[in-house]
Each structure stands twice: as structure tokens, then as C-alpha cells.
Amino acid sequence: MQDIHSQRILILDFGGQTTQLIARRVRESGVYCEIHPWDIEAQALNDFKATGIILSGGPESTIAAGSPRIPDQVLTLSVPVLGICYGMQALVNQLGGEVRAQQAHSEFGYASMALQGECALFDGLNDRDNAQTRELDVWMSHGDRVESLPTGFDVVGVSENAPIAAMANVQKKCFGIQFHPEVTHTVQGAKIIERFVLQICGCDALWTPGNIIDNAVANIREQVGSDDVLLGLSGGVDSSVVAALMHKAIGKQLTCVFVDNGLLRLNEGDKVMETFARNMGVKVIRVNAEDRFLERLNGESDPEAKRKIIGNLFVEIFEEEADKLTNVIWLAQGTIYPDVIESAASSTGSAHLIKSHHNVGGLPSNMRLKLVEPLRELFKDEVRRIGVDLGLPPAMVYRHPFPGPGLGVRILGAVTKEYADILRLADDIFINALVKHDLYDKVSQAFTVFLPVKSVGVTGDGRRYNYVVSLRAVETIDFMTARAAHLPYDFLDEVSRNICNSIPSISRVTYDISSKPPATIEWE
């Protein structure tokens, strides 16, 4: 079996909002990559054995005191390097060129970059029909600009406000681009990244769904041996793919525990049991634990505390179920790569914890079971692709994400059974309406949030004073950045009327139009 990690791209993160998009573009090219902070330790950098290195963008100025720097080792390694935006300016600054603050010549948004000379990164690419004009439509986001290049570099691209928009040192295979190839607004961006990793770095396209599955199966078998594994099955995409993957790898050694915590979507428990226990032949134990979760959550309103309470109780129940079985040593989870990244902070503290994730931030330190997390290095789109290859129903694989803590983080403040029951009904109306109007697959994630406030309404001639819910639907590629979906007003009006007419406890429906950033996708 081929080692799909043998050729690998190291992405050094300087705090850019689109760094994960770079990683996804590399993976889409068929090459494994990892994101690490710019201040990665020297030993870790050496141990990574990168086939190529990409330097991300970032919000700082390379000429400001104390700004992030490229590790000196990177500049001496004999591997190709691609600097993007801040990464390019950092290369220039540290290799002897000049970067200046040029507020009058900043570029934010669309720009046309004219190509000049020969460069393996751009040869043959053109966004103009006229073969005499070599231009690319790119997306810029920079205030400072490069004024002079280090020795050995040539200008290979210019734009209206950046006389040096792309540079290359062909001999050292070192490149810098002022624009962002990872975003869809840069028309040839995916091809540029693919060209860097496949042609310039010389990587083979080994990172494919079939190879990922084969590698994961082999790793699972090696890791768990003859031990039995317990999987917390939620019915969401991630845990469902883990169930299918683990079942393929170890068969009867896997026991799934489906915990009905009272914080699930309408009829979720019955649907999960139908799919896995009856149709896929997976052993699933159902535990009804609504009362335990609600009692433990009673009066708690802090989102982080709620996540940890829910995470801890899940593990307690899994361990209780494991004690009833023999030879259960492992707990399988659906942790994916963005969960790990978003819950982490760099060693300097330059990356801040946004919120802990149920799988990576809510587990007790004294947990007895050992963890197996076969999706830990995969992005959501990769999880979906291998789910289809594993034979899971497309309707399940492409179902919208559902958070590990469930409705516990979609009920703002303290959680009660009344709130959960109301929210379940409202959310079901919203999701069914999206499906009915052929909008479900056109948004990346949609759900309803319960607000623990009351609003005055009117029914007929009578006054009503009841709860408020907010609808949320977003469009995103990587779930690290997102914008509110532009759902038709008539559709929202229909959903609002159906919710208020069907659920007497709700008097008002709102629609959340916040993007991420500054908001997160979930409210808590």
C-alpha cells in the first residue's frame, strides 16, 4: 500500500482568515498537507520533512516591530516555497528586498495581474481571449507592497497598484504572489496551487478517497488490534462515516452507542436506529438519557460550560456501556481537522480559542477509554467523499452538520425540556421547507436557534407573549468562513407563518444575516 503521507506540503499559518482554504486546495490537488503556526518549533519543522512549503497570508505588516517571521530554517531548506500575500512580503523582507507601507496604493478585492516573462507557476494560464495579452483575474488583500526584490528574484506579475505582484527565483524554486489563489475569486487559483504542488514540488496525486479509506482501515486495524471499540454514534455526517469506516476495518469488534440525550432533532433516534442497526448491520445500543443530561445542565447558561458538561456526560455513559461489555478499550470519535485547528492556539498565543469543540475540548482528563479518531486529519468535504465511497446513503452523507452538543448550543442560555421540545418542532418546519423548495442542498448548513426571551404578538384579537426563534442558513466552503444564505423573502415569510401558526409557544421568528467572521456559524 502506498504511503499517502510520504509527500507532504507544510502550510505555515501567519494568521490569515483563508489559510484553511489553502489546505483544501492542496488536498483537492491530491496531495497531503498540514497547517502549522508560523512559530513552529525547529525540531517539529525538521521532523515534518516537507516536500514543499506554503506561507499563508496574515493580518500583520511585515515591517512592523514584532511581526511574525518565517523560520530561518525554511529559508535554507532545499524545497520549493510559495509565499502568499503576507508570505510573499515576509520572503522579500527577510531575503533582503524592500517592503513599504503604501496606503494610497493598497488593493482589496478584484485586480487584473499582467504576466511577464516565463514562470512555471503561470505558464499557459490566461484569463483573456486575446493570446497577445497574458492577464489573470485575481483577488488582492494588502496594504503594504513590495518595492524591490531580493537578489535572484525576477518580477513575473504586475497589477495597477502592485508593480511587483508576483516574483520568482527559478533556480531555488521560490515564488511569491501578492494575491490569494485559494479563494474562488481568483479564477486560476486552484490551477496555480495544483501546479505548485504537483509540478514544482514533484508530488504525486496520492491523496484520493480510495487511498484515504485504505490507509484509514490499515491504521485502525494496527491501532486497535483485537480490542473492541465503542463509537458514540450521533447520526451526524462525521460519526456516521466513522461508523462505516470502523465497521469496514474491524467488523464485529465495533459496538455503536447511540445516546438520546434529549437534545436531538425531531425523531432523530428512530432514524439513526433504522439506518445503522437495520439497514447496515452495525451493532447499535440505544441509551435513553434525556433526564440525566437535562439534570446535569440545569441552570447552566455558559456555552463553554454546557459543552463540557455534555461532553463529560457522554463519556460517562460510553464508559458505563463499555463496562457492560468485554474487551472494550477504545472510544471512536468523529473529530475532523477543522475541530482540531479551531480549538487550538499557537505556542505564542497568536491564535485565539474561539470555542472548544465537543470532540476535542469537552473530554475529561481521567477518561479510561483510549481514543481512536480516524477522521482527525480530514476536512468536511473529504469526509463526505469517503462516506459516499463507503456506501452510505447520499442523503445522510450530505446532510447538514449537527453539533456534538446538539440543541444544547442552539438553546441560548439555560437548557430545559420545554425549550428543547419547542426548538425541535420549529427546526423541523424550517428544514422540511428547505427540502420542499429545493433549497436544502443550496445552503451549507441551516438550523433554528431558541432565544430565551419573550416577545409580544397578536393572534386574532388576542395578545400573545411568547418565545422567539431565529432561523440560520449559511453558505460556506470550509466552515471556517461563511456568509448568510440569501434565502427568498417569500420563503422566509412562509416559514415564519408556519412556525407561529403551528407552535403556539412562539410569537416571533427572525433571520440571522451575520457572516463568519465576525459571528460564528452556531450561536454558542
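In this text the structure is predicted, and so the values were computed from the model without any measurement. (Residues numbered from 1 in each chain as written. Predicted model: local features only at pLDDT ≥ 70, side-chain atom pairs only at ≥ 80, totals over all residues. Heavy atoms only, no water.)

Turning to the overall build of the chain, a few remarks are in order. Counting its secondary structure elements, the chain contains 16 helices and 20 strands. Here the C-alpha atoms of the chain give a radius of gyration of 25 Å, agreeing with the 24 Å that 2.2 N^0.38 yields for 524 residues. When its C-alpha atoms are laid out on the principal axes, the chain stretches across 70 × 65 × 45 Å. Put simply, the chain has 524 residues, and 56% of those count as buried. Taking as baseline every contact in the chain between residues at least 6 positions apart, the subset at least 24 positions apart corresponds to 75%. Approximately 22,300 Å² of the chain is accessible, and the part contributed by carbon and sulfur atoms is 48%. Taking the average place of the 49 positive charges on the side chains of the chain and the average place of its 66 negative ones, the gap between the two points comes to 4 Å. (Helix = DSSP H or I, 4+ residues; strand = E, 2+ residues; numbered from the N terminus. Rg over C-alpha atoms; globule rule 2.2 N^0.38 Å. Buried < 20%, exposed > 50% of the residue type's maximum accessible area, 1.4 Å probe, protein only. Contact = heavy atoms within 4.5 Å. Areas by Shrake-Rupley, 256 points an atom, 1.4 Å probe, with all protein chains shown as cover. Lys, Arg positive; Asp, Glu negative; His and termini not counted. Charge placed at Lys NZ, Arg CZ, Asp CG, Glu CD.)

Quick look at the packing of aromatic side chains now. Counting across every chain of the model gives 10 aromatic pairs. Residues F314 and F318 carry aromatic rings whose centres are separated by 5.8 Å and whose planes lie at 25° to one another, so their mutual orientation is stacked. Pair noted here: F314 and F318 are both in helix α10 (residues 303–323), with a separation of 4 residues, about one helical turn. When sorted by exposure, F314 lands in the same class as F318, which is buried. Each residue in the set F293, F314 and F318 is aromatic and connected to the rest through ring pairs, giving one cluster. Over the ring of F48 we find R8, and its NZ or CZ is 4.6 Å from the ring centre. The residue whose ring lies beneath R265 is F402, and the NZ or CZ to ring-centre distance is 4.0 Å. (Phe/Tyr/Trp six-rings, centres within 6.5 Å; stacked < 30°, edge-to-face > 60°. Lys NZ or Arg CZ within 6 Å of the ring centre and 35° of its normal.)

For the rest of this paragraph, the subject is the environment of L425. By the secondary structure assignment, L425 is in helix α15 (residues 417–436). Considered as a pair, L425 and V509 are 84 residues apart in the sequence and their alpha carbons are 13 Å apart.

Below, the discussion takes up the packing of helix α6 (residues 209–224) against helix α7 (residues 237–250). For any two helices packed against each other, one specifies the crossing angle of their axes together with the interaxial distance. Packing of α6 against α7 leaves a shortest axis separation of 9 Å and a crossing angle of 65°. Handedness of the crossing formed by α6 with α7: right-handed. Contact with α6, carried on its side by I213, A216, V217, I220, R221 and V224, involves L245, M246, K248, A249 and I250 of α7 and no other residues of that element. Along the lines of polarity and charge, the residues of the contact of α6 with α7 split into 9 nonpolar, no polar and 2 charged. (Axes fitted to C-alpha atoms, helices over the stretch in contact; angles between N-to-C directions. Left-handed = near helix turned anticlockwise from the far one by under 90°. Nonpolar A, V, L, I, M, F, W, Y, C, P; charged D, E, K, R; others polar.)

Positionally, T18 belongs in the loop between β1 (8–13) and α1 (19–28). A polar side-chain atom of T18 sits 2.6 Å from a polar atom in the side chain of E182. Ignoring anything within four residues of it in the chain, the contact list for T18 reads H180, E182 and V183. (Polar contact = N/O pair within 3.5 Å; in protein donor to acceptor, adjacent residues only side chain to side chain.)

What follows concerns the sheet that holds strand β12 (residues 228–232). Backbone hydrogen bonds hold the strands of a sheet together, and the pairing may be parallel or antiparallel. If you walk across this open sheet you meet the 5 strands as β14-β13-β12-β15-β16, and the pairing is parallel. The open sheet terminates on both sides in strands that have one partner only, identified here as β14 (284–288) and β16 (370–372). Direction aside, the axes of adjacent strands within the sheet are offset by 30° on average. Bridge count for strand β15 (residues 328–332) against β16 is 3 bridges, and the pairing is parallel. Residue pairing for β16: A332 is matched across the bridge by V372. Against the sheet, helix α8 (residues 268–280) makes contact with β13 (254–260) and β14, and its axis sits at roughly 170° relative to β14, the strand it touches most. (Pairing = 2+ DSSP bridges.)

Attention now moves to the nonpolar core. Counting 97 residues, the largest nonpolar core has L487 and I499 as the members making the most contacts within it. Filtering out sequence-adjacent residues up to four positions away, I499 remains in contact with A426, I429, V469, L471, I506 and V509. Among the nonpolar cores identified, the runner-up in size contains 39 residues, and I11, A23, L121 and L136 belong to it. (Core = buried A, V, L, I, M, F, W, Y, C linked by side-chain atoms within 4.5 Å.)

Further remarks concern the layout of surface pockets. Within this model, the second largest pocket holds a volume of roughly 620 Å³. Lining the second largest pocket are 29 residues, and of these K271, A395, R399, I431 and Y440 lie nearest its centre. Elements supplying a minimum of two residues to the lining of the second largest pocket: α8, α14 (394–397), α15 and β17 (445–459). Residue contributions to the lining of the second largest pocket peak at 7 residues, all from α15. For the lining of the second largest pocket, the per-class residue count stands at 15 nonpolar, 4 polar and 10 charged. (1 Å grid on protein atoms, 1.4 Å probe; cavity = no way out; pocket = protein on both sides within 12 Å on 5 of 7 lines; lining within 4 Å. Points joined across faces, edges and corners; volume = space filled by probe spheres on them.)

Okay, the side chain of D427 next. Residue position: D427 is located in helix α15. Buried within the structure, D427 lacks any salt-bridge partner; R410 is the closest side chain of opposite charge, at an N-O distance of 4.9 Å. With sequence-adjacent residues up to four places away left out, D427 is seen in contact with R265, F447 and T448. (Salt bridge = Lys/Arg side-chain N within 4 Å of Asp/Glu carboxyl O.)

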